[in-house]
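Residue-level structural notes
What follows is each chain in one-letter form.
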Amino acid sequence: MKHCLWVWGVLFFSFSCGLFAKEGETTADKVEKTQSAEPVVAKAGSKDELDAVLTPDIASPEVRERMKQELRRHASILKAQEAVVKNVAKLVAPSVVHIESTSVYAQGAGTYEEAGSGVIVFRNNQYYVLTNRHVIRDAHPADIKIRLFDNRTISPRMAWSDAETDIAVLLVEAPNLIPVEIGDSNRVEIGDFVLAIGSPFGLSQSVTFGIISAKGRRALDIGDANVHLQDFLQTDAAINPGNSGGPLLNLDGEVIAINTAIASNSGGSEGIGFSIPVRMVMLVADQLIAYGKVRRAYMGITLDGHFSMEKAQSLGLIRPTGACVTFVQEASPAARANFSQNDVILTFNGVTVEDDKHLYNLVNLAEIDKEIPVTVYRRGSLYKIQIRLVEKQ
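Residues numbered from 1 in each chain as written. Predicted model: local features only at pLDDT ≥ 70, side-chain atom pairs only at ≥ 80, totals over all residues. Heavy atoms only, no water.

Remarks on the sheet that holds strand E4 (residues 144-147)
- With antiparallel pairing, seven strands are arranged side by side in an open sheet as E5-E4-E1-E2-E3-E7-E6. Two strands bound the open sheet, and with one partner strand each, they are strand E5 (153-154) and strand E6 (158-162).
- Taken strand by strand, helix H6 (residues 278-291) contacts strand E2 (111-123), strand E3 (126-132), E6 and strand E7 (167-172), and its axis lies near 55 degrees from that of E7. (Pairing = 2+ DSSP bridges. Helix = DSSP H or I, 4+ residues; strand = E, 2+ residues; numbered from the N terminus. Contact = heavy atoms within 4.5 Å. Axes fitted to C-alpha atoms, helices over the stretch in contact; angles between N-to-C directions.)

Rendered as structure tokens:
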């Protein structure tokens, strides 16, 4: 449309020039007169105006001094936040270790090496290193090398691991070990600031910063089909190969999770890392230390892995929530507690059940031979049930 109007304007201008030409004056005479007219040139400004245009806009010394004072006031806020990150790094760094292990392939067909991170904790008057199972695999303690903050290298006296959670515990003895403080991962919320410390690509004591971006990540394909018990925290703090087993920390310098895996197409950090909540880590670690294995609890039910809206509404619920029971094993703890088909378990041991995978985690990590309260929805009513779990055989 603009092009058409512009063309129309040119035609109109030519027409009007011909219409108002003086009598006896040809168009050629008019064009020649127009071309001989002197062009109009705007008068230049003064030299001061020219200098003002050409000179960069630089504030005066007085204005610059005021700007510096204002900058210091604003920067003090960021420096206070920066100091928190610095102090957490300084406080926890001596507790973070670098781990290298050598394992033998099945049937003795050669060896392979793994590397990662770990963190020192103090339990039952002894020092341990927490890490991931995939960092040490099936390595003999003598083939596991732990490099401490001060570059000393030690090997653990004993090593235990749990394949279903990808958690490993190493018993260590050395002077001047500094343990980390254990936080409460149940209090972690999306948006919390966190730090990750570890050895990405072998670069020990590397610190990254981010937030908790999600919670309760389950049923992830993390490259190990044996890791069934998943309840990952998700973070955008950069986690790379070599960070596995290192701590994820809150701003109080407490470990709230153990870094374990990443979602990546490149093999490096793309802002999606997964960490095992420290509550799960310590439940597993304490059993490994006490029994040399993890004693899994058994309830004796089968759950609906596809609890749909239609099924929930048929039971009288407005939406699918909790975990729906599809089968109760005879003579099981659930049978003795009078659970039945189509019961919907809403809470377990005081924790709201999100879905079947969540309940699977809660049961497997629950205490054995202890009365546990369960809230069940059954045919339009709520029931409180006490159940005593036994050890899974």
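So much for the structure itself; the text now carries on.
Describing helix H4 (residues 61-92)
- Taking 1.5 Å as the rise per residue, H4 with 32 residues should run 46 Å; its terminal C-alpha atoms sit 44 Å apart, in good agreement.
- Roughly 30 degrees is the biggest bend found in H4, and it falls at Ser 76.
- Buried within H4 we find Val 88, Ala 89 and Val 92.
- Residues of H4 that are buried make contact with strand E1 (96-104), strand E9 (193-198), strand E10 (206-217) and strand E12 (247-249). (Expected span 1.5 Å × (residues − 1). Bend = angle between axes of the 7 residues up to and from the residue. Buried < 20%, exposed > 50% of the residue type's maximum accessible area, 1.4 Å probe, protein only.)

Quick word on helix H9 (residues 356-364)
- Most of H9 sits inside the fold, with seven of its nine residues counted as buried.
- The set of residues buried in H9 consists of Asp 356, His 358, Leu 359, Asn 361, Leu 362, Val 363 and Asn 364.
- Buried residues in H9 make contact with strand E15 (297-298), strand E16 (301-303), strand E17 (323-328), strand E18 (344-348) and strand E19 (351-352).
- If you check the start of H9, you find a side-chain oxygen 3.2 Å away from the backbone N of Lys 357, and it comes from Asp 355. (Polar contact = N/O pair within 3.5 Å; in protein donor to acceptor, adjacent residues only side chain to side chain.)

Quick look at the pattern of salt bridges
- One pass over the full model with this rule turns up 18 salt bridges.
- A salt bridge links Arg 218 to Glu 354; its shortest N-O distance comes to 3.2 Å. Placement of the pair is Arg 218 in the loop between E10 and strand E11 (232-235) and Glu 354 in the loop between E19 and H9, with a sequence separation of 136 residues.
- Counted as one network, the salt bridges with shared partners bring together Arg 218, Asp 231, Glu 354 and Asp 355. (Salt bridge = Lys/Arg side-chain N within 4 Å of Asp/Glu carboxyl O.)

Re the pairing of strand E14 (residues 273-277)
- Of all the five residues making up E14, five are buried; the element is thus mostly covered by neighbouring parts of the structure.
- Strand direction decides the pairing type here: E11 and E14, joined by three bridges, are antiparallel. Considered in E14, the bridge of Thr 235 is made with Gly 273.
- Two strands pair when backbone bridges link them, and strand E13 (residues 254-262) and E14 are joined in this way by five bridges, in the antiparallel orientation. Pairing of Ile 258 across the sheet is with Ile 276, part of E14.

Brief notes about the confidence of the model for the chain
- The predicted model of the chain averages 87 in pLDDT, with 86% of residues at 70 or higher.
- At the level of individual helices and strands, the chain shows its lowest average pLDDT in helix H1 (residues 2-19), which scores 32, and its highest in E7, which scores 98.
- This model gives residues 1-22 a pLDDT under 50, and the stretch forms one contact once residues within four places in sequence are excluded. (pLDDT = per-residue confidence, 0-100.)

Topic: the environment of Lys 392
- Along the polypeptide, Lys 392 turns up in the segment after strand E22 (390-391).
- Through-space distance from the C-alpha of Lys 392 to that of Arg 295 is 7.3 Å; in sequence the pair is 97 residues apart.
- Lys 392 has contacts with Arg 296, Ala 297, Tyr 298, Tyr 360 and Asn 364, leaving out every residue within four places of it along the chain.

Some details on a nonpolar patch on the surface
- On the surface, Val 84, Phe 193, Phe 209 and Leu 251 cluster together into a nonpolar patch covering about 330 Å² of accessible area.
- As for its placement among the helices and strands, Val 84 is situated in helix H4.
- Judged by its relative accessible area of 31%, Val 84 is partly exposed. (Patch = residues over 30% accessible without salt bridge, like charges linked within 9 Å, V, L, I, M, F, W, Y side chains within 5 Å. Areas by Shrake-Rupley, 256 points an atom, 1.4 Å probe, with all protein chains shown as cover.)

Section: the nonpolar core
- Core analysis: the largest hydrophobic core is formed by 32 residues, its most contacted members being Leu 130 and Val 169.
- Those elements that place two or more of their residues in this core are H4, E2, E3, E7, E9, E13, E14 and H6.
- Tallying contributions element by element places H6 first for this core, with eight residues.
- In this view, Leu 130 contacts Ser 117, Gly 118, Val 119, Val 121, Ala 168, Val 169, Gly 245, Ile 258, Val 281, Met 282 and Ala 285; residues no more than four positions away in its chain are not counted.
- Among the nonpolar cores identified, the runner-up in size contains 22 residues, and Leu 362, Ala 366, Ile 372 and Val 376 belong to it. (Core = buried A, V, L, I, M, F, W, Y, C linked by side-chain atoms within 4.5 Å.)

Examining the packing of aromatic side chains
- This model, assessed by the stated rule, comprises five aromatic pairs.
- Judged by centre distance (5.4 Å) and plane angle (15 degrees), the rings of Phe 193 and Phe 209 are stacked. Taken together, the residues Phe 193 in strand E9 and Phe 209 in strand E10 connect sequence positions 16 residues apart.
- We classify Phe 193 as partly exposed; its relative accessible area is 44%.
- Geometrically, the ring pair formed by Phe 232 and Phe 274 is tilted, given 6.1 Å between the ring centres and 50 degrees between the ring planes. One end of the pair, Phe 232, is in strand E11; the other, Phe 274, is in strand E14, and 42 residues separate them in sequence.
- For Phe 232, a relative accessible area of 2% gives the class buried.
- For Phe 274, a relative accessible area of 7% translates into the label buried. (Phe/Tyr/Trp six-rings, centres within 6.5 Å; stacked < 30°, edge-to-face > 60°.)

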